[in-house]
Amino acid sequence: MRRTPSHRSARATALALAVLPAAALLTSAPSASAATQVISISTPLSTSLTAASAGLSFEAYDLTLPGFAAGDLAAYLDTLSPSSVIRIGGNTVDETFWTSTGETAPSWSMGTITPPDLTALANLAKAGGWKIILGVNLEEYDPARAADEAKYAQQDLGSSLEAIEIGNEPDLYAKYKSSPSQFPVDFAAYVTAIRQAAPGVPIEGDDLAGAPNGSFQQSFITAQKKLSSPDVMELTSHYYPLAATTCGGSPTISALLGTSVRDAESTEAGEVTAAAAQLGVPGVIDEGNSVVCEGQAGVSNVYASALWAIDDQLVMARDGVAGDYMHGTVEQCGTAKPLYMYYTPLCAPTAADAAAGLLAAQPEYYGLAALRDVGTGEFLNLSNPVWADVRTYAVEHSDGTMTVVLDDVDNPSTTGSTTVQLDLGASYTKASEVSLKASGGLTATNGITLGGQTVQSNGTIAAPTTTSLSVSGATATVTVPAGTAQIITFSK
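Summary of the structure given here. Since this is a predicted model, take the numbers as computed values, not measurements.

Cut-off values and rules
Residues numbered from 1 in each chain as written. Predicted model: local features only at pLDDT ≥ 70, side-chain atom pairs only at ≥ 80, totals over all residues. Heavy atoms only, no water. Phe/Tyr/Trp six-rings, centres within 6.5 Å; stacked < 30°, edge-to-face > 60°. Helix = DSSP H or I, 4+ residues; strand = E, 2+ residues; numbered from the N terminus. Buried < 20%, exposed > 50% of the residue type's maximum accessible area, 1.4 Å probe, protein only. Core = buried A, V, L, I, M, F, W, Y, C linked by side-chain atoms within 4.5 Å. Contact = heavy atoms within 4.5 Å. Pairing = 2+ DSSP bridges. Axes fitted to C-alpha atoms, helices over the stretch in contact; angles between N-to-C directions.

Section: the packing of aromatic side chains
Here a ring pair, both rings aromatic, is described through the centre-centre distance and the interplanar angle of the planes. In the structure shown here, the tally under the stated rule is 14 aromatic pairs. For the ring pair Phe-58 and Phe-68, a centre distance of 5.4 Å and an interplane angle of 80° mean the geometry is edge-to-face. Within this pair, whereas Phe-58 is found in strand β2 (residues 54-59), its partner Phe-68 is found in the loop between β2 and α2 (73-80), the two being separated by ten residues in sequence. Each of the two residues, Phe-58 as well as Phe-68, counts as buried. Feature note: the residues Tyr-173, Tyr-176, Phe-183, Phe-187, Phe-216 and Phe-220 constitute an aromatic cluster, connected by ring pairs.

Put into C-alpha cells, the structure is as follows:
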C-alpha cells in the first residue's frame, strides 16, 4: 500500500472514468428479466481453488498494536479458511524499526517491532492455522538488521513462517527509480544476510506496485535467472483496480462491478502467472483490494465490495494466481487514513475494542467468507453468455460434487433477476444453494447475510441455511436475483 499512486493506479483512474455504468445507482424500478440464458460447463482447467487462495495482508505497524494478536482475529481467520496466509508488510514495513536489543528507534520510524511482537504473531498463526509472510525493511537499507529479524521470526514461527518478504513496492523507491539496476544487487545482499542468520528460511519477492510484465520486474527476473536456482519461492505483486479520489481517481460502484475492471483483473492474473513462470515459481498477489490509497467511502466499505471480492478471488485463482491477499487493518473503524482503510475486511468498532483486538466483520469479509462455501477443487471450463451481469464459475471437488457460483453484480434497484439454464456436463441427483445477499442493496453496510447467517462478534458464523434446488439429470434452471451471489453444490 503506497500513499501515492503508481503508474498502475493512474491506469486504474483512467479505467474508472471510462467504465460504463453496468450497476449504476439509479432510482427507477428494476427492469424485467431477460430470456433464459444457457451456461454450459465442460472440461477441467489446469487451475484450482485452494484453501490458501484467499489470504489477508496487514501493515507491519499492526504488529506494534497491543490488540493485533490478543483478540479474536484467529477466529475470523478460521471462519475464512482452515489454513491460508497472512502477509505482514505494506508501506509501514519501511517505516517501522526492528530491534532485538532495545535500541532507540530512529526519527523516521513510526513504531518499533521487537521479539515479543513476533512471539505474539506466532501464537496467532498457530491458533488460526495460518502461515505468515513477514516483511523486512529495505528502504532504510540494513541487511544485518533484517537478517536479525528473520532469525527471530524463524525461531518463533517455525513451520508457520511461509517466507520473508524484502521491502514493499521497491519500484516506487526514489533510489531505485533513479537506478533500477541497484535493486537486484541490494536484494541479493539481503538474501545473503538472511540465509546466514536464518538458514533455510524461504524468501519471496519482489513485491511490486507496477505491472508484472514491466521493465522493473523483468530486470529482477533476469537477475534471478542467472542464479543456479531463484532466491524467491514465489513472485509477488500488488494490484488495486481503481484509485481513490485522494489519488486522482473517480471510483464508483458501477466501475468496481463493471466489465472493464473485470477484464483488467483477468489481464493482471495473466501477467502475474506469466512473469512467475519464467522462474518456475507461483505468482501471488500478496497485497490488493478494491481502490488504492486506502479505499473509497461508499464504494469499498459497502455490500458491493462483497460481490466484487468473490469475483476478484475466483477470476484470479481461475486464471492461475496462486494467492490473492486482501489488504486491511485491525484499527478502529472509521479512524484516520492511512492506517484505517475503507476496504478493510475487518476493523474494531471502538478504541477500546481496538486495544483489546475485538473486531467486527465488514462487508468485504462476507465475500471472502463465501469462498469457504465454494470449497476447494479444480476449475471447470464454461461458457458465460451473461458474464457482464452474472459472473459464473464451476469448481469440481475431489468427492465428485461440483459447486457453481452465480455472482449477479447488477444493481437490484434498477435490474431484475437473471434466469440461467446450467448445462452441467454430467448427471446429478440433487443440489443445495447458499445465498449471499443484503437487505439494503449494493450500498448496504449492514443487513448482509451468508446462508441466512451473520458473522458474530467473536468471529464465527453459523452453518449456512441451504435451499434445495431441482435438478433434471444434467440440467438445472436457476433464477439469480440482482445483487446476490448464489453458491450451488451439485451431488450425484
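As for the nonpolar core
Ile-88, Leu-121, Leu-134 and Leu-436 are the most contacted members of the largest nonpolar core, which totals 120 residues. At ten residues, helix α10 (residues 304-318) tops the list of elements feeding residues into this core. Those residues in contact with Leu-121 that sit more than four places away from it in its chain are Leu-63, Phe-68, Ala-69, Ile-88, Ile-132, Leu-134 and Leu-157. Formed by 22 residues, the second largest nonpolar core is a distinct cluster that contains Leu-380, Ala-394, Met-402 and Tyr-428.

Side note on the sheet that holds strand β9 (residues 235-239)
By way of backbone hydrogen bonds, the strands of a sheet pair with one another, either parallel or antiparallel. If you trace the eight strands once around the closed barrel, you get β2-β3-β6-β7-β8-β9-β11-β13, paired in parallel fashion. Geometrically, the sheet is characterised by an average inter-axis angle of 25° between neighbouring strands, direction not taken into account. Judged from the two bridges that link them, strand β7 (residues 161-166) and strand β8 (residues 203-208) form a sheet pairing that is parallel. Paired with Ile-164 across the strands is Ile-203, a residue of β8. With respect to the sheet, α10 is in contact with β2, β9, β11 (283-288) and β13 (323-328), its orientation differing from that of β13 by roughly 150°.

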